[in-house]
Amino acid sequence: MTDDMRSLYPFLYAGTSDVDAVLAQVRRSTVDKTREITELRAQVLARDARRLVACADEMARRFAAGGRLLTFGNGGSSTDAQDLAGLFLSPADDSRPLPAICLTNDIAVITALSNDIGFDVVFARQIAAFGRATDIAVGLSTSGNSANLLRAFDEAGRRGLLTVGVAGYDGGKMAELDSIDHLFVVPSPSVHRVQEAQTTIYHALWELTLDALARAESPAEAKG
């Protein structure tokens, strides 16, 4: 463990401390990470721009039909799933709120299902209980291999929900599923860069969905 810490934070174990050298090292690290995530976001945009628009158009149609957004993920991806649901349900600006539920929010349900049946079903059971064919299921995973996400997507697919997956690396087992309608993969081995780019992806989906809804409703408003 000590050797690992030394490799990560060598300045902490140096006999003397050179503040200027430490600051220069921190600056280089920050610049490198910023360049890396900027290039990664550009790569995802170049590859998936049209698919993001197509996915958002379908999401808009589901919302227009009375559908809701159901989000889920584990660990850091659970936090992103909560952020995604909050983004649609309670935007910080005066944007239109849309119905959204994060399936990790009810800890009583999560612990009951985990204790009585198994953690693999915590999302699939919730989708089975109140998922409707007009709804949208969005699952986020860094690895793309989370068993409870795979089961949730299969359950959502069987029930006719629009399914959207956001993964990292090479997509993992999520890339092998037929039950995911739209899969967006961030091709990076870094968990940090993956999650940063995933945040950009779902923010883009939110903005594109609102735009699609506005475009679909404007002719009706003009006639009215």
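Quick caveat: nothing in here was measured; it's all calculated off a predicted structure.

Participant: How would you sum up the overall build of the protein chain? Please name residues and give values.
Facilitator: Looking only at helices and strands, one finds seven helices and five strands in the protein chain. Along the protein chain, helices and strands appear, N-terminal first, in the series α-α-β-α-β-α-α-β-α-β-β-α. For the protein chain, the residues scored as buried account for 41% of the 224 residues in total. A separation threshold of at least 6 residues defines the contact pool for the protein chain, and within that pool the share at least 24 residues apart is 68%. Carbon and sulfur atoms make up 54% of the accessible area of the protein chain, which amounts to about 11900 Å² in all.

Participant: A description of the pairing of strand 3 (residues 136-140) should follow, citing residues and the corresponding values.
Facilitator: Among the five residues that make up strand 3, five are buried, leaving the element largely enclosed by the rest of the structure. With burial as the criterion, each face of strand 3 is covered, one bearing Ile136, Val138 and Leu140 and the other bearing Ala137 and Gly139. Alignment of strand 1 (residues 69-73) against strand 3, held across five bridges, turns out to be parallel. For leucine 70, the partnering residue across the bridge sits in strand 3 and is alanine 137. Sheet analysis places strand 3 next to strand 4 (residues 162-168), joined by five bridges and oriented parallel.

Participant: Go over the nonpolar core with me, naming the residues and quoting the values.
Facilitator: Met59, Leu69, Phe88, Ile136, Ile201 and Leu205 are the most contacted members of the largest nonpolar core, which totals 35 residues. Of all the secondary structure elements, the ones that give two or more residues to this core are helix 2 (19-64), helix 3 (76-89), strand 2 (100-102), strand 3, strand 4, strand 5 (182-186) and helix 7 (191-223). Aside from chain neighbours lying at most four places away, what touches isoleucine 136 is Met59, Arg62, Phe63, Arg68, Leu69, Leu70, Leu162 and Val164. Formed by 22 residues, the second largest nonpolar core is a distinct cluster that contains Leu103, Leu113, Phe153 and Ala156.

Participant: Could you give me a rundown of the environment of glycine 171, with the residues and numbers involved?
Facilitator: With respect to the secondary-structure elements, glycine 171 resides in the loop between strand 4 and strand 5. Along the backbone, glycine 171 and threonine 142 are 29 residues apart, and their C-alpha atoms lie at a distance of 8.4 Å. Sequence-distant contacts of glycine 171, that is, excluding residues within four places in its chain, are made with Ser143, Gly144 and Val185.

Participant: Help me get a handle on helix 6 (residues 147-158), residues and values and all.
Facilitator: An α-helical segment advances 3.6 residues per turn. Residues three or four places apart therefore align on the same side. Helix length check: helix 6 (twelve residues) gives 17 Å between terminal C-alpha atoms against 16 Å at 1.5 Å per residue, within 8%. For helix 6, every residue scored as buried is listed here: Asn148, Leu149, Leu150, Ala152, Phe153, Glu155 and Ala156. Next to the buried residues of helix 6 lie strand 1, helix 5 (124-130), strand 3 and strand 4. Among the residues trailing helix 6, glycine 160 stands out with phi positive, at a value near 85°.

Participant: Describe in detail the environment of glycine 144, supporting the description with residues and values.
Facilitator: You can see glycine 144 is positioned in the loop between strand 3 and helix 6. Glycine 144 sits in the buried class, given a relative accessible area of 0%. Separated by 31 residues in the primary sequence, glycine 144 and alanine 175 have C-alpha atoms spaced 7.5 Å apart. Excluding its chain neighbours within four sequence positions, the residues that come into contact with glycine 144 are Leu150, Ala167, Gly171, Gly172, Lys173 and Met174.

Participant: Break down the packing of aromatic side chains for me, with residues and values.
Facilitator: Centre-to-centre distance and the angle between the planes together describe a pair of aromatic rings. Per the counting criterion, the structure on display carries three aromatic pairs. Between phenylalanine 63 and phenylalanine 88, the ring centres sit 5.7 Å apart and the planes meet at 25°, which makes this aromatic pair stacked. Placement of phenylalanine 63 in helix 2 and of phenylalanine 88 in helix 3 is noted, with a sequence separation of 25 residues between them. Neither residue differs from the other here; phenylalanine 63 and phenylalanine 88 are each classed as buried. When the centroid spacing of 5.4 Å and the interplanar angle of 35° are considered together, the rings of phenylalanine 72 and phenylalanine 123 count as tilted. With phenylalanine 72 in strand 1 and phenylalanine 123 in the loop between helix 4 (107-116) and helix 5, this residue pair connects regions lying 51 residues apart in the sequence.

Participant: Tell me about helix 4, and please be specific about residues and values.
Facilitator: With a side-chain oxygen lying 3.2 Å from the backbone nitrogen of alanine 108, the N-terminal cap of helix 4 falls on aspartate 106. Phi for glycine 118, located one or two positions after helix 4, is positive at around 155°.

Parameters and conventions
Residues numbered from 1 in each chain as written. Predicted model: local features only at pLDDT ≥ 70, side-chain atom pairs only at ≥ 80, totals over all residues. Heavy atoms only, no water. Helix = DSSP H or I, 4+ residues; strand = E, 2+ residues; numbered from the N terminus. Buried < 20%, exposed > 50% of the residue type's maximum accessible area, 1.4 Å probe, protein only. Contact = heavy atoms within 4.5 Å. Areas by Shrake-Rupley, 256 points an atom, 1.4 Å probe, with all protein chains shown as cover. Pairing = 2+ DSSP bridges. Core = buried A, V, L, I, M, F, W, Y, C linked by side-chain atoms within 4.5 Å. Expected span 1.5 Å × (residues − 1). Phe/Tyr/Trp six-rings, centres within 6.5 Å; stacked < 30°, edge-to-face > 60°. Polar contact = N/O pair within 3.5 Å; in protein donor to acceptor, adjacent residues only side chain to side chain.

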